[in-house]
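Descriptive structure summary
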Amino acid sequence: MSIRIAPLPEGTRVKVVRGDLPQDPATTGREGVVVATTEYRANAIGVQLDGESQFRWFHPSEVQITKDVPLVPPERLAAKQIKSLP
């Protein structure tokens, strides 16, 4: 048994590329934002394409990351750099 994780964090900018599964050819090459991910559906990513109000489901192999979102907030990273009190 393995532990699944969400394929991409929400807020990640992605570009739709051609994958193994058939998809709408009009979506290939368009960019959008990941708005729905869950570890229960690790084979699907909900992407809201630029200019659309609804989101579409894509397989992780059909999207390419253009701008990654850090998994840890910057405030937490800055706090780790501060030396602890004795």
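For the structure given in this document, a descriptive report is provided here.

What counts, and at which threshold
- Residues numbered from 1 in each chain as written.
- Predicted model: local features only at pLDDT ≥ 70, side-chain atom pairs only at ≥ 80, totals over all residues.
- Heavy atoms only, no water.
- Helix = DSSP H or I, 4+ residues; strand = E, 2+ residues; numbered from the N terminus.
- Rg over C-alpha atoms; globule rule 2.2 N^0.38 Å.
- Buried < 20%, exposed > 50% of the residue type's maximum accessible area, 1.4 Å probe, protein only.
- Core = buried A, V, L, I, M, F, W, Y, C linked by side-chain atoms within 4.5 Å.
- Contact = heavy atoms within 4.5 Å.
- Pairing = 2+ DSSP bridges.
- Axes fitted to C-alpha atoms, helices over the stretch in contact; angles between N-to-C directions.
- Phe/Tyr/Trp six-rings, centres within 6.5 Å; stacked < 30°, edge-to-face > 60°.
- Lys NZ or Arg CZ within 6 Å of the ring centre and 35° of its normal.

**Here we look at the overall build of the protein chain**
Per the secondary structure count, the protein chain includes one helix and five strands. When the helices and strands of the protein chain are placed in sequence order, the string is β-β-β-β-β-α. Relative to its length of 86 residues, the protein chain is extended, with a C-alpha radius of gyration of 16 Å against a globular reference of 12 Å. Taking the principal axes of its C-alpha atoms as reference, the protein chain extends roughly 60 × 35 × 20 Å. Within the span of the protein chain, comprising 86 residues, buried residues form 20% of the whole.

**A short note on the nonpolar core**
Counting residues in each nonpolar core, the largest one holds nine residues, listed as Leu8, Val14, Val16, Val34, Ile45, Val47, Leu49, Phe58 and Val63. Secondary-structure elements contributing two or more residues to this core are strand E1 (13–16) and strand E3 (45–49). Counting residues per element, this core draws most heavily on E3, which supplies three residues. Beyond its immediate chain neighbours, meaning those up to four positions away, Ile45 contacts Pro7, Leu8, Val34, Ala36, Thr37, Arg56, Trp57, Phe58, Pro60 and Val63.

**Overview of the sheet that holds strand E5 (residues 63–67)**
The strand order E4-E3-E2-E1-E5 describes an open sheet built from five strands, whose pairing is antiparallel. Of all strands in the sheet, those with a lone pairing partner are strand E4 (56–58) and E5, marking the two edges. Pairwise comparison of adjacent strand axes, ignoring direction, gives a mean angle of 50 degrees for this sheet. Pairing of E3 with E4 involves three bridges; the strand directions are antiparallel. Bridged to Ile45 within E4 is Phe58.

**Thoughts on the side chain of Glu62**
Considering the arrangement of structural elements, one finds Glu62 in the loop between E4 and E5. If we ignore the near neighbours within four places in the chain, the residues touching Glu62 are Lys15, Val16, Val17, Gly19, Leu21 and Gln23.

**Some thoughts on the packing of aromatic side chains**
Taken as a whole, this structure holds one aromatic pair when the rule is applied. On the numbers, 5.3 Å between centres and 80 degrees between planes, the contact of Phe55 with Trp57 is edge-to-face. Classification of Phe55 as partly exposed rests on a relative accessible area of 38%. When the ring centre of Trp57 is taken as origin, the NZ or CZ atom of Arg41, which lies over that ring, is 4.2 Å away.

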